[in-house]
Amino acid sequence: MNYQLDFTPVIAGLPSLLLGCLGTFLLAICGMLLAIVIGIGGVALRDSPFKPLRWLVIGFVELIRNTPFLVQIFFLYFALPLAGIRLDPTPTAIIALGINGGAYAIEIIRGGVQSISRGQMEAGLALGLHKAQVFRLIILKPALRAIYPSLTSQFVLLTLSTSIASAISAYELTSVSQRIESESFRSFEVYFTVTIFYLVISWLMMRLFALFSARYFTYPIK
């Protein structure tokens, strides 16, 4: 084996790789925010008294959870223009990430909501709170506290899924690394470095989630 390691192209492309990391972070954060909105909204509709709304949410969850993310992002990228909606690759990737993460978030959050005893809901209604206030103040926060580890694990996976957005040329770490690799033909060096970057990104995301949990989801200590 006469292969000689040469990280020169990687070092030369380091500024672009760091910008790619920033692009990955932005895709992940925007996708997570959209996923949380879809997750909470989906849980509210999932328990709606109107059967068509429940069936719609159930069908959405089953469709997304049982199809590959690559197929989903391709479908959005090529289907939206047919509907007269033309978006750049990055907004399309954010929508795809939000939809994918939202489908999983619905089931995770719903599990947390179901863990709250019915007595707490009835107590909130007895105090004169509206159903929306009961959901927001009494159900949602304890439910999020209970499912926070599962939800954050799913969001770390969502962060790593941003690499698939390179298939539609969204600006993120993998798409930048593919360009550097195609110009230098140093596949091992490029993807070894990218692997390290993804490990660091995942670690940073977990640290951010841990700090958020310590700030908002820990019980007060007297």
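Our subject is the structure that appears above.
## A short note on the nonpolar core
Counting 50 residues, the largest nonpolar core has Leu17 and Leu173 as the members making the most contacts within it. Elements with a contribution of two residues or more to this core: α2 (14–46), α3 (51–65), α4 (69–79), α5 (89–114), α7 (131–161), α8 (173–184) and α9 (187–216). Looking at this core, the element that brings in the most residues is α7, giving 12 residues.

## Quick notes on the environment of Tyr77
Within the secondary structure, Tyr77 is located in helix α4. Between the alpha carbons of Tyr77 and Ile95 there is a distance of 9.9 Å; along the sequence they are 18 residues apart. Look past the residues within four positions of Tyr77 in its chain and what remains in contact with it is Pro89, Thr92 and Ile168.

## Some thoughts on a nonpolar patch on the surface
On the surface, Tyr3, Leu5, Phe188, Phe192, Ile196, Leu199, Val200, Trp203, Leu204 and Met206 cluster together into a nonpolar patch covering about 990 Å² of accessible area. Among the structural elements, Leu204 can be located in helix α9.

## Focus: the packing of aromatic side chains
Summed over all chains, the structure comprises 6 aromatic pairs. Ring plane angle 35° and centroid distance 6.5 Å describe the contact between Phe155 and Phe209, whose orientation is recorded as tilted. You can see Phe155 sitting in helix α7 and its partner Phe209 sitting in helix α9, a full 54 residues away along the chain. Taken individually, Phe155 and Phe209 each receive the classification buried, so the pair is uniform in this respect. Residues Phe188 and Phe192 carry aromatic rings whose centres are separated by 5.8 Å and whose planes lie at 20° to one another, so their mutual orientation is stacked. One end of the pair, Phe188, and the other, Phe192, are both in helix α9, 4 residues apart, so they sit about a helical turn from each other. Owing to a relative accessible area of 47%, Phe188 belongs among the partly exposed residues under this scheme. For Phe192, a relative accessible area of 42% puts it in the partly exposed group. Here the aromatic residues Phe7, Phe188 and Phe192 are joined through ring pairs into a cluster of three or more.

## Observations concerning the packing of α2 against α9
Where α2 contacts α9, the axes come no closer than 11 Å and their chain directions differ by 40°. What the angle tells us is that α2 and α9 run oblique. Crossing hand, α2 versus α9: right-handed. In contact with Leu14, Leu17, Leu18, Cys21, Thr24, Phe25, Ile29 and Met32 of α2, α9 contributes Thr193, Val194, Phe197, Tyr198, Ile201, Leu204, Met205 and Phe209. The residue inventory of the contact of α2 with α9, partitioned by class, reads 14 nonpolar, 2 polar and no charged.

## Focus on the packing of α7 against α9
Between α7 and α9, the least distance of the axes is 10 Å, while the angle of their chain directions is 165°. In terms of orientation, α7 and α9 fall into the roughly antiparallel class. Both α7 and α9 take part in a crossing whose hand is right-handed. In this structure, α7 contributes Lys141, Tyr148, Thr152, Phe155, Val156, Thr159 and Leu160 to the contact, and α9 contributes Tyr198, Ile201, Ser202, Met205, Met206, Phe209, Phe212, Ser213 and Tyr216. Residue classes in the contact of α7 with α9 are distributed as 11 nonpolar, 4 polar and 1 charged.

## Some points on unusual backbone geometry
Although it is not a glycine, Ser169 adopts a positive phi angle of roughly 70°. Its place among the elements puts Ser169 in the loop between α7 and α8. At Phe185, a position not held by glycine, the phi torsion is positive, near 60°. Structurally, Phe185 is set in the loop between α8 and α9.

About the cut-offs
Residues numbered from 1 in each chain as written. Predicted model: local features only at pLDDT ≥ 70, side-chain atom pairs only at ≥ 80, totals over all residues. Heavy atoms only, no water. Core = buried A, V, L, I, M, F, W, Y, C linked by side-chain atoms within 4.5 Å. Buried < 20%, exposed > 50% of the residue type's maximum accessible area, 1.4 Å probe, protein only. Helix = DSSP H or I, 4+ residues; strand = E, 2+ residues; numbered from the N terminus. Contact = heavy atoms within 4.5 Å. Patch = residues over 30% accessible without salt bridge, like charges linked within 9 Å, V, L, I, M, F, W, Y side chains within 5 Å. Areas by Shrake-Rupley, 256 points an atom, 1.4 Å probe, with all protein chains shown as cover. Salt bridge = Lys/Arg side-chain N within 4 Å of Asp/Glu carboxyl O. Phe/Tyr/Trp six-rings, centres within 6.5 Å; stacked < 30°, edge-to-face > 60°. Axes fitted to C-alpha atoms, helices over the stretch in contact; angles between N-to-C directions. Parallel < 35°, antiparallel > 145°, perpendicular 65-115°, else oblique. Left-handed = near helix turned anticlockwise from the far one by under 90°. Nonpolar A, V, L, I, M, F, W, Y, C, P; charged D, E, K, R; others polar.

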